[in-house]
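Inside the fold
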Amino acid sequence: MRQILNKLYQASGWAAAFFLLAICITVIAQVLLNLIDRLSTAITGEAIGLTIPSYGDFTGFFLAASSFLALAYTLRDGSHIRVSLLLQNLPQNLRRVIEIWCLVVAATMALFCTYYTGLLVHEAFTYNDLSTGMIAVPIWLPMTPMLVGLGILAIALLDELVTVLRGGEASYEGKGENLLQQDHADLHAE
Amino acid sequence: MSEIYLTVLLLLTLFVLLGSGVWVAFSLFGVGIFGMALFTDAPVGSVLATTVWGSSNSWALAALPLFIWMGEILFRSRLSQDMFSGLSPWVGKIPGKLLHVNIIGCGIFAAVSGSSAATAATIGKMSIPELSKRGYPESLMIGTLAGSATLGLLIPPSIILIVYGVATEQSIARLFIAGVIPGLLLVALFIGFVVVWALFNKDKLPDVIEQLSFREKIRRTRSLLPVIFLISGVIGSIYLGIASPTDAAAVGVVLALLLSWCTGGLTRESFMEGLMGATKTSCMIAFILAGAAFLTVAMGFTGIPKLLALWIGSLELSPYALLAALTVFFVVLGCFLDGISVVVLTTSVIMPMVEQAGIDPLWFGIYIVIVVEMSQITPPVGFNLFVLQSLTGRNILTVAKAALPFFALLLFALGIIIAVPELVTYLPNNM
Amino acid sequence: DTWDMPTPYPDKTFHTENIIEFAKDVETATNGALTIKVHSAGSLFKHPEIKNAVRSGQVPVGEFFLSLLSNEHEAFGADSLPFLATNYDDAERLWAAQKPVITKLLDKQGLMPLYSVPWPPQGLYTNKEINSVADLKGLKFRAYNATLEKFAQLTGAAPTQVEVPDIPQAYTTGRVEAMITSPSTGANSKAWDFVSHYTHIQAWVPKNIVVINKSAWRKLDEATQAAVLDAAQKAEQRGWAMSKAETDAQIQVMQDNGVTIVNPPSEQLVQDLKAVGAEMLKDWKTAAGSEGEEILSAYGN
Ligand code: NA
Ligand code: NA
């Protein structure tokens, strides 16, 4: 079970990274087409009109996919921001209680978001809502990664809750970036 | 007045959620859900889903993760180190030394990026390790970053000026031009502050004095070439007409990859690490933005910001008193909502007041951007604070305290543009 | 009752001014029993979300740009077809022909149209004089939907995608060289900052529409329903008049700010464009099916 869950979080993180890469590739392809058009204008005086249809829409869809699919992965890495002032200064027992409160609140809201996003996707599917640009994309399609991402986040939060309730430590404990304390001398060996 | 109780209740909810350590994004969602459930008949869940979707699939927002990725790539390459060793001979004699790199770096990057969070994340990722390695004081390092990253909003291009221009039908081109002099003014104020601070706190700054020959200086300076190439490539792609300011972020990523490959820093591992790092940071920001967007809509349904603005309008103040009142109003709202939301929620009530008081709406746009910049560095909801918290692992109050002097400088700049409005209006009126 | 009403355009746009009047009319006529709170400039829901927000009952009423739905059904886009209806009289006839069809289509989504108000006829914004379609050849032309992409291809222009806030900068840096939009949008975005010529080709007369959620509608008592319908009818009349006044006023504003106004456009250009329009109408007929036929036969074309 543990391994399946870990693989799920890892896979959704990779999928998110893939969509970030897809944003970059789509945009840079359009920039290159613009460059060709620019050269064509300089040489022949006329632009060709090379465009990736609905590239703005697609970039937006990829962005949503990347943002939501990364949620659980980011959580477990300790990269979601919280105010940890109180948590740091409490005795161990109380800390656990507060941590459980945070996880219950977050998991409830994640489930709430997932449920209503599910309804939204379902509605877009039944009415066959389409995007408004050059290419008519059925809008439930780009909405699905948002649903999946929120669902995995809910699972991840419940997973943490179970761990903490059993007396374990949350996976994000003590993680997160700190550029101040790391010694970067090794990164920049000259 | 029940709105007052309502407001206090919602603020208390926000403080309880944030203070007990609930993640920022969830706290914002929570307050929004609570506010809507208690005070409106609208279906909370559906509104939430619609808003979160609508605010997350925007093309204009795509620049944010790309710039963050660019920062990650540069951080893993030699380029950020090269930049600091190339600049240090030149700033060595100025009190405050490399701290000015934060300010100038943010100023230059602001000419590429339209958001302050992207500016803080990109420059911070490069400069924090370099500066902390050299022993610069933490508070000033974080403070200069938090403060100068707000320039991303004032120096064109700027997301918030676009939002304001569209909402109030001001020319976006003119607004962009109007932001230039106030932007430079802020750079000067920030540099001035660091110089003065450094003169009074010599003991707190590293006192390495490098004695370099002229030839060595030139040799070191040459290591700045890749960075200059990168910046001119990104800005050039905009002015050559092959990339919109959003597209330019992708140009930045590709050039950063290219440079990092040329200098031998690009491996499969470093590429993957950079990509995953960018994915996480942009996910964190996007989730908070989604929470903020929902809270904004919830506030729109409850009507609180509009009521408060109407109340200010009912006081019938003189222009200066009105500006003072609005500043307090925006700063207070800006503590809890992100700046763009404040503009979106209140312009339709505030603009008639402002125009009636004879205030130039173009000038007011710049005024509002500076106020929004201030809101980026006030707790508990301040995006630059979130970014720096995530980069340094310091808690938000420590970061906010470090940014406090820069908050004061922004306030001072507001005073200056009120006293000398021509600083804003001269360029656009002579375009 | 208080109704929240999201609209996409800013307060000073005449559409929004008209809606604010409409809200006041409703409030007066019902003695405050129904008040409508207008949330302008996309401050509640963004433009692409407004229709679905009304459909799912998140808000009871909302406004949007009608041909935004043309991907869902061609019938919604009849008013954005180049050179089908090019003046207010034609546009009024077209709306009369279009209304029963889109009422049926919207009904399937639980929506009911209240009223519709046109934008001023669409003109051409360029940095050189355009006297024939040949002058458009190779120019980068702003296309934001399939119809305009097709239009660009037929005129030999190069379609390019530019988001609205990015337009001024795109013109200055040459990413776009021609676009078609209304004199209102041109004047409001201070087009003189980035174009030299405005050609009043009156390519089409697109409309905004105000729709209402039917289950919210059924909850109103008869007197309130009548008051809303009455206010809507007034708003439609007022809106069309505002739109007409807006056309001349905003062209004048552009002229005063140094834009060269070409009105009327050259014979050659009009002829060429009409030919393009006829070509596009053929495609549209095939795509719009029986609903399209219904509109065209009622329109008398
Ligand atoms: Na900027
Ligand atoms: Na703030």
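Structural notes, computed from the coordinates. (Residues numbered from 1 in each chain as written. Chains lettered and ligands numbered in written order. Predicted model: local features only at pLDDT ≥ 70, side-chain atom pairs only at ≥ 80, totals over all residues. Heavy atoms only, no water.)

Overview of helix 9 (residues 267-299) of chain C
All names here are of chain C.
- Taking 1.5 Å of rise per residue, 33 residues should cover 48 Å, yet helix 9 covers just 25 Å from first to last C-alpha, more than 12% shy of that figure.
- Maximal helix bending in helix 9 amounts to about 120°, located at Gly289.
- Residues of helix 9 that are buried: Leu269, Leu273, Val276, Gly277, Met280, Leu281, Trp284, Ala288, Gly292, Ile295, Leu296 and Tyr299.
- At its buried positions, helix 9 is contacted by helix 3 (88-107), helix 4 (146-155) and strand 9 (197-199).
- The positive-phi residue at the C-terminal boundary of helix 9 is Gly300, with phi of around 80°. (Helix = DSSP H or I, 4+ residues; strand = E, 2+ residues; numbered from the N terminus. Expected span 1.5 Å × (residues − 1). Bend = angle between axes of the 7 residues up to and from the residue. Buried < 20%, exposed > 50% of the residue type's maximum accessible area, 1.4 Å probe, protein only. Contact = heavy atoms within 4.5 Å.)

Focus: the packing of aromatic side chains
- Taken as a whole, this structure holds 28 aromatic pairs over all chains when the rule is applied.
- Ring centres of B:Phe29 and B:Phe294 lie 6.2 Å apart, and the angle between their planes is 35°; this geometry places the pair in the tilted category. Here B:Phe294 lies in helix 16 (residues 268-302) and B:Phe29 lies in helix 2 (residues 24-39), a separation of 265 residues in the sequence. Here B:Phe29 and B:Phe294 have matching classes, each one buried.
- Taking 5.6 Å as the distance between ring centres and 45° as the angle between the ring planes, the aromatic pair formed by C:Phe141 and C:Phe151 counts as tilted. Of this pair, C:Phe141 sits in strand 6 (residues 140-142) while C:Phe151 sits in helix 4, and the two are 10 residues apart along the sequence.
- Classification of C:Phe141 by relative accessible area gives buried; the value is 2%.
- An aromatic cluster of at least three residues, connected via ring pairs, comprises A:Phe18, A:Phe19, A:Phe58, A:Phe61, A:Phe62 and B:Trp53.
- Positioned over the ring face of B:Trp23 is A:Arg82, at 4.3 Å from the centre of the ring. (Phe/Tyr/Trp six-rings, centres within 6.5 Å; stacked < 30°, edge-to-face > 60°. Lys NZ or Arg CZ within 6 Å of the ring centre and 35° of its normal.)

Looking at the interface of chain B and chain A
- Opposite the 73 residues of chain B that make contact, chain A presents 68 residues.
- The junction of chain B with chain A conceals about 6200 Å² of combined surface from both sides, 75% of it contributed by carbon and sulfur atoms.
- On the chain B side of the contact with chain A, B:Trp23, B:Trp53 and B:Ile242 bury the most area, a combined 14% of that side's loss.
- In this assembly, chain B and chain A are joined by 11 residue pairs in polar contact (both at pLDDT 80 or more).
- The dominant element in the side of chain B that touches chain A, judged by the number of residues it contributes, is helix 16 of chain B, at 11 residues.
- Residue classes in the side of chain B that touches chain A are distributed as 43 nonpolar, 22 polar and 8 charged. (Buried area = accessible area lost by both parts, 1.4 Å probe. Polar contact = N/O pair within 3.5 Å; in protein donor to acceptor, adjacent residues only side chain to side chain. Nonpolar A, V, L, I, M, F, W, Y, C, P; charged D, E, K, R; others polar.)

Things to note about the pairing of strand 4 (residues 111-118) of chain C
Residue and element names in this part refer to chain C.
- Counting buried positions along strand 4 yields 8 of 8 residues, so the element is predominantly enclosed.
- Note: strand 4 against strand 10 (residues 207-213), 7 bridges, orientation antiparallel. Its bridge partner being in strand 10, Pro118 is matched across the sheet by Lys207. (Pairing = 2+ DSSP bridges.)

A look at the nonpolar core
- In this structure, A:Leu157, B:Phe26, B:Leu326, B:Phe330, B:Phe364 and B:Tyr367 are the most contacted members of the largest nonpolar core, which totals 253 residues.
- With 16 residues, helix 16 of chain B is the largest single contributor of residues to this core.
- The contacts of B:Phe364, once residues within four sequence positions are left out, are B:Tyr164, B:Leu323, B:Leu326, B:Phe330, B:Ile350, B:Met351, B:Val354 and B:Ile359.
- In terms of nonpolar packing, the next biggest core, distinct from the first, is built from 27 residues, C:Trp119, C:Trp217, C:Leu220 and C:Ala232 among them. (Core = buried A, V, L, I, M, F, W, Y, C linked by side-chain atoms within 4.5 Å.)

As for the pairing of strand 5 (residues 123-126) of chain C
Residues and elements named next belong to chain C.
- Side chains Gly123 and Tyr125 project from strand 5 onto one buried face, and the interleaved Leu124 and Thr126 project onto a second face that is buried too.
- Across 4 bridges, strand 5 lies against strand 8 (residues 178-181) in antiparallel orientation. When the sheet's bridge partners are listed, Gly123 is paired in strand 8 with Thr181.
- Judged from the 3 bridges that link them, strand 5 and strand 9 form a sheet pairing that is antiparallel. Bridge pairing links Thr126 to His197 in strand 9.

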